[in-house]
Amino acid sequence: MSLTAFITGATSGIGKATAELFAKNNIRLILCGRRKERLEALQSELSKLTDVTTLQFDVKNRKDVFKAISSLPREFSDIDILINNAGNAHGLSSIQEGDIDDWDAMIDINVKGLLYVSKAIIPKMTERNSGFIVNIGSVAAKEVYLNGNVYCASKHAVDALNKAMRIDLNKYNIRVSAIHPGAVETEFSDVRFKGDTEKAKTMYTGYKALQAEDIADVIHFVVTRPYHVNIEDLIVCPTAQASATIVNKN
Ligand code: NDP
Ligand code: 8X3
């Protein structure tokens, strides 16, 4: 029987590339995001390869998260793999100049959103004594860099929650992994710089950044190991990137 995966942030970047790769590998998909038209387009494309359903909700909205997940049709309600991927950086400012709305967005989406989705899905995994949770962290989960303050704090929280989930869910035979990417060329910097696409582009020029497909490949590798193998924590960077801020640009 094929596996069922629940992917948050499937409308773009890493989540979308993961959905595409999973579909090619016959993994059934529950695709989530806020942008309905993108969900519908992806569903119509990937349905040619596997069973796909979509859920449109904002991970910040606790009620909507639980309502959407409880509305899943019976045939999609046993989730084998949860990819906690939805998230973004909002702004890049010093702590003294940062915008509190940006701080709220990062804590509410990257931390609380991940918790709400996990809380809605984990009980069925514990009931079945089986499941796999992949949390998408960041190099910002391992390092703090200039003006990264709240984004780094939100991803450090993801790192801590990843470890906490692995400990608490250990007796239920549930695998928990984190993947921490460095620079990946997605819509991430467009969001961080609030639609300033020129500025966003400069984040990926002068070197070969990771592509969303590179991280999808790693996620697929992690979730397809034999059940007794759990890859706990992976940092994946472009070859040109030695740390969050050291990038060998030409
Ligand atoms: P994108 O901006 O391309 O994708 C972000 C995804 O998250 C979109 O599908 C978006 O969907 C979804 N999302 C954002 N906010 C919400 C929300 N409130 N509710 C529901 N869904 C939401 O970025 P990436 O693919 O690069 O980012 C994916 C993950 O990888 C994030 O957690 C990010 O922090 C992490 N990461 C990214 C790196 C990079 O360099 N790109 C490096 C390290 C980590 P929609 O707008 O439709 O809701
Ligand atoms: C995204 C990578 O370095 O911009 O998480 O924080 S970085």
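Residues numbered from 1 in each chain as written. Chains lettered and ligands numbered in written order. Predicted model: local features only at pLDDT ≥ 70, side-chain atom pairs only at ≥ 80, totals over all residues. Heavy atoms only, no water.

## Notes on the site of ligand 1
The following threshold applies: Only heavy atoms are used to decide nearness, and a residue is near a molecule or strand if one of them lies within 4 Å of it. Whenever a nitrogen or oxygen atom comes within 3.5 Å of another N or O atom, the pair is scored as a polar contact, on the condition that within protein one atom can donate a hydrogen and the other can accept it, and that pairs from neighbouring residues in sequence are kept only if both atoms are in side chains. Secondary structure is summarised from DSSP: a helix means a run of H or I of at least four residues, a strand means a run of E of at least two, and numbering begins at the N terminus for each. Nonpolar residues are Ala, Val, Leu, Ile, Met, Phe, Trp, Tyr, Cys and Pro. Charged residues are Asp, Glu, Lys and Arg, and all others, Gly as well, are polar.
Close to ligand 1 lie 29 residues, the nearest being Thr11, Ser12, Arg34, Tyr151 and Thr186. A distance of 3.0 Å is found between a nitrogen atom of ligand 1 and a backbone nitrogen or oxygen belonging to Val59. In the environment of ligand 1, an oxygen atom lies 3.2 Å from a nitrogen or oxygen atom belonging to the backbone of Glu187. The set of elements that each furnish at least two residues to the shell around ligand 1 consists of helix H1 (13–24) and helix H5 (149–168). A class-by-class count of the residues in the shell around ligand 1 yields 12 nonpolar, 12 polar and 5 charged.

## Comments concerning the nonpolar core
Using the following cut-off: As used here, the term nonpolar core means buried Ala, Val, Leu, Ile, Met, Phe, Trp, Tyr and Cys residues forming a set that is joined through side-chain atoms within 4.5 Å. With a 1.4 Å probe rolled over the protein chains alone, any residue whose accessible area is under 20% of its type maximum counts as buried; one over 50% counts as exposed, and the rest are partly exposed. Throughout, a contact is declared for two residues whenever any of their heavy atoms are within 4.5 Å.
Among the nonpolar cores identified, the biggest contains 29 residues, and Phe22, Leu29, Leu31 and Ile179 are the most heavily contacted of them. Of all elements in the fold, only strand E1 (4–7), H1, strand E2 (28–33), helix H2 (36–46), strand E4 (81–84), strand E5 (131–136) and helix H8 (212–223) reach the threshold of two or more residues within this core. If you tally residues by element for this core, the top one is H8, at 5 residues. Setting aside chain neighbours within four positions, we find Leu31 in contact with Ile7, Ala10, Ala19, Leu39, Leu42, Leu46, Val52, Thr53, Thr54 and Leu55. Cys32, Ile109, Val117 and Ile122 belong to the second-largest nonpolar core, a separate cluster that totals 27 residues.

Remember, this is a structural readout, not a statement about activity or role.
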